[in-house]
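What the coordinates show
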Amino acid sequence: MGWHWVWWIAAAVLVGAELLTGTFYLLAVGIAVACGGVAAWLGAGLEAQYLVAGGLAVLLTGAAHQWRRRSAQPPPQRSLDVGQSVRVQTWHPDGTARVAYRGTLWDAELESPGTPRADTLYIVATRGSVLVLSDRRPAD
């Protein structure tokens, strides 16, 4: 069996492993190893094959890393409402409330049943258009 087959089998194993990880780094190395196989198929010496595969592995891995950094999603930002105080207008028997916030009335519920009912509470989360309230301002 020629060296080009060894390179191509190794490339197939690496690309197959990439399908399980989804990081693109093994794909980059697999392509580089396949190019080493092309160099072997074209009659290059073993040292040249290693240079082609190694050099391309470094370049393609760097390119994959740069692509992942550019396409990464920023971390989700905390809602601007969290931490703001609200004035309770009315309490309902089921523990929900109507609160004045940003110039209008909103539906609100307590963070937990043990949260004391007060005139001024703090937003700790939102569930759709319902404000979740606590008696303590959340930590920043």
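Basis of the calculations
Per chain, the residues get numbers from 1 upward, laid out in the order the sequence is written. In view of the model being predicted, local features appear only for residues whose pLDDT reaches at least 70, and side-chain atom pairs are presented and counted only at 80 or more, with totals across whole chains, interfaces and linings using the full set of residues. In computing side-chain properties, one takes all heavy atoms of the structure into account and sets aside hydrogens as well as water. Strands here are runs of E lasting at least two residues and helices are runs of H or I lasting at least four, both read from the DSSP assignment and numbered beginning at the N terminus. Put simply, the radius of gyration uses C-alpha atoms, and a globule should come to 2.2 Å times the residue count raised to 0.38. To sort residues, take the accessible area from a 1.4 Å probe on protein chains only and compare it with the maximum for the residue type: under 20% means buried, over 50% means exposed, and anything in between is partly exposed. Whether two residues are in contact is decided by their heavy atoms: any pair within 4.5 Å suffices. All accessible areas in this document rest on Shrake-Rupley with a 1.4 Å probe, and a residue is counted as covered only by the protein chains that are shown. We count Lys and Arg on the positive side and Asp and Glu on the negative side, and we leave His and both chain ends out. For charged residues, the charge sits on one atom: NZ in Lys, CZ in Arg, CG in Asp, CD in Glu. Should DSSP find at least two bridges between two strands, the strands are regarded as paired. To obtain each axis, a line is fitted to C-alpha atoms, and for helices this fit is confined to the stretch in contact; angles are then taken between N-to-C directions over 0 to 180 degrees. Counting of polar contacts relies on pairs of N or O atoms within 3.5 Å, with two restrictions inside protein: one atom must be capable of donating a hydrogen and the other of accepting it, and residues adjacent in sequence are counted only when both atoms are side-chain atoms.

On to the overall build of the chain. Each helix and strand in the chain was counted, giving three helices and five strands. Going from N to C terminus, the chain has its helices and strands arranged as α-α-α-β-β-β-β-β. What you see for the chain is a C-alpha radius of gyration of 30 Å, clearly larger than the 14 Å of a compact globule of 140 residues, by over 25%. With respect to the three principal axes, the spread of C-alpha positions in the chain is 85 × 25 × 20 Å. The 140 residues of the chain split such that 27% are buried. Restricting to contacts in the chain with at least 6 residues of sequence separation, those with at least 24 account for 40%. Summing over all exposed atoms, the chain offers an accessible surface of approximately 9,300 Å²; the carbon and sulfur share of this is 62%. When the 11 positive and 10 negative side-chain charges of the chain are each reduced to one mean point, those points stand 5 Å apart.

In this section: the sheet that holds strand β5 (residues 130–134). A barrel is described by the order of its strands in space; here five strands give the closed sequence β1-β2-β3-β5-β4, paired in mixed fashion. Neighbouring strand axes in the sheet, compared pairwise and without regard to direction, differ in orientation by 55° on average.

Let us look at the environment of A34. Mapped onto the elements, A34 comes out in helix α2 (residues 25–41). In this structure A34 comes out as partly exposed when scored by relative accessible area, which is 25%. As for A34 and W91, which are separated by 57 residues in sequence, their C-alpha atoms are 70 Å apart. Residues within four places of A34 in sequence aside, it is in contact with W8 and A11.

Along the chain, D81 falls in the loop between α3 (46–71) and β1 (85–91). For D81, the side chain forms a polar contact with the side chain of Y101, separated by 2.7 Å. Setting aside residues up to four positions removed in sequence, D81 forms contacts with Y101, R102, I123 and T126.

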